[in-house]
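Architecture at a glance
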Amino acid sequence: MWFILAALVFVAGVAAFLRFYPSFGGRSVRAQWASSANFKKRIFVNQITTPMDMSPRDMVSMLRETMRRGTLRRPVKMLTPEKVRLDAFLAAKEPQLVWLGHSASLIRLEGKTLLLDPMLSKAASPVQFAGPKRFSKPPISAEELPHIDAVLISHDHYDHLDYETIKKLRAKTTKFFVPLGVAAHLQRWGVQTSQIVELDWWDSAPFEGLTLACTPARHFSGRGLNDRFKTLWCSWVIESPGTKTKLFFSGDTGYGPHFKQIGKKYGPFDLTLLECGQYDKRWANIHMQPEQTFTAFQDLRGKRLMPLHWGAFSLALHSWVDSVER
């Protein structure tokens, strides 16, 4: 009897934690996305079929590789990145970019400061005492960041949308641009509805002289046990007519036809920020191999390639430098 009671209390505690702990985010009203071409049978879907399930054999092989020694998944010691020189960054007249590790990037265009997928906490996890730990300190903390004109979010995974970072940014950010459904997370964390712009794939929004376009990606979403595919994931196109500059940010994505479509509609791009890390043949549909990253760069008609999604966390089984070496 006591065992059953203890089990019930444990299950109730876990359910309450998942329901009420703020890091898991909010719940969007799914009915409002019915008009989206990317929303089918109450979930968001990819452009093409994207299997993600792993077989029992895959699970066993993953366990084996996890226990295997010899793969340098983390640096031998903590990395110390160069600090951001904010004065020079803010005063520069030419377009500027500072990579903050993983996918987080700080951009300066036409006198505006943009921040992409800000994840500046210690762990890519709902709780900071567990989960994948950062092995490079961010070049700048959320507290040290200047006023941010716009934050762009690609999707709601913990290594891209971080509760602790957003809490520190909400008072110093003018607008948050997010794919459909992600606003519910921000609203739960205290971001005002008037600060948030939600977009579907192929939607665009003007912002203080810039044009921000929400474009497709091949991935998935979810922060809890039962919210997979409940919010949209995306890539972003950033256009600056004043400086005649075009940037592309991939977010997380597997390789797919969307790169050629985006390249045809918006390219060529002066700079492409493309995911290049945390891949594996067992989840090849949702994360690109490095060679595919370069093919995507060509599809987009890019002039310069900046590989992202590495250098801060180990979320896969390859060496932490494998992506950039390849």
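Predicted model, so just to flag it, every value in this text is computed and none were measured.

Thresholds, definitions, all that
- Residues numbered from 1 in each chain as written.
- Predicted model: local features only at pLDDT ≥ 70, side-chain atom pairs only at ≥ 80, totals over all residues.
- Heavy atoms only, no water.
- Salt bridge = Lys/Arg side-chain N within 4 Å of Asp/Glu carboxyl O.
- Helix = DSSP H or I, 4+ residues; strand = E, 2+ residues; numbered from the N terminus.
- Buried < 20%, exposed > 50% of the residue type's maximum accessible area, 1.4 Å probe, protein only.
- Contact = heavy atoms within 4.5 Å.
- Pairing = 2+ DSSP bridges.
- Axes fitted to C-alpha atoms, helices over the stretch in contact; angles between N-to-C directions.
- Arc of directions from axis to C-beta.

**So, the pattern of salt bridges**
On inspection of all chains with the given rule, the structure shows 10 salt bridges. One salt bridge connects Lys168 with Glu143, and the closest N-O pair in it is separated by 3.2 Å. You can see Lys168 sitting in helix H4 (residues 163-169) and its partner Glu143 sitting in the loop between strand E5 (112-116) and strand E6 (148-152), a full 25 residues away along the chain. For Glu143, a relative accessible area of 53% corresponds to the exposed category. Its salt-bridge partner being Asp280, residue Arg282 comes within 2.7 Å of it at the nearest N-O pair. We note that Arg282, like Asp280, is buried. If you follow the salt bridges from partner to partner, you end up with Glu65, Asp280 and Arg282 in one network.

**Quick notes on the side chain of Lys112**
Its location among the elements puts Lys112 in strand E5. If near-sequence neighbours (up to four positions away) are discounted, Lys112 is found in contact with Ile107, Asp149, Glu208 and Leu210.

**Section: the pairing of strand E3 (residues 96-99)**
Sheet analysis places E3 next to strand E4 (residues 105-109), joined by four bridges and oriented antiparallel. Within E4, the residue paired with Leu97 across the bridge is Ile107.

**Points about the sheet that holds strand E14 (residues 305-308)**
With mixed pairing, six strands are arranged side by side in an open sheet as E9-E10-E11-E12-E13-E14. Of all strands in the sheet, those bounded by a partner on one side alone are strand E9 (204-207) and E14. Strand-to-strand, the axes of this sheet are offset by a mean angle of 15°, without reference to chain direction. Pairing analysis gives five bridges linking strand E10 (residues 210-215) to strand E11 (residues 235-240), with the strands arranged antiparallel. Considered in E11, the bridge of Ala213 is made with Val237. Helix-sheet contacts for helix H6 (residues 258-266) involve E10, E11, strand E12 (245-249) and strand E13 (271-275), and the interaxial angle to E11 is about 15°. Its contacts with the sheet put helix H7 (residues 290-299) on E13 and E14, and the angle it makes with E13 is roughly 150°.

**Concerning the sheet that holds E6**
Across the sheet, six strands lie side by side as E3-E4-E5-E6-E7-E8; this open sheet has mixed pairing. Because the sheet does not close on itself, it has two edges, and the strands there are E3 and strand E8 (196-199). Going from strand to strand, the sheet's axes swing by 20° on average, the running direction of each strand aside. Sheet topology note: the E5/E6 ladder contains three bridges and is parallel. Within E6, the position partnered with Leu116 by the bridge is Leu152.

**Side note on H7**
Buried within H7 we find Pro290, Thr293, Ala296, Phe297 and Asp299. The arc that holds every buried residue of H7, seen down its axis, measures 160°, which confines them to one face. Against H6, E13, E14 and helix H8 (322-325) lie the buried residues of H7. Just downstream of H7, Arg301 is the residue with a positive phi angle, here 60°.

**Here we look at the environment of Glu144**
With respect to the secondary-structure elements, Glu144 resides in the loop between E5 and E6. A residue is classified by how much of its surface remains accessible, and Glu144, at 40% relative accessible area, is partly exposed. Discounting chain neighbours no more than four positions away, the residues touching Glu144 are Lys83, Leu86 and Lys172.

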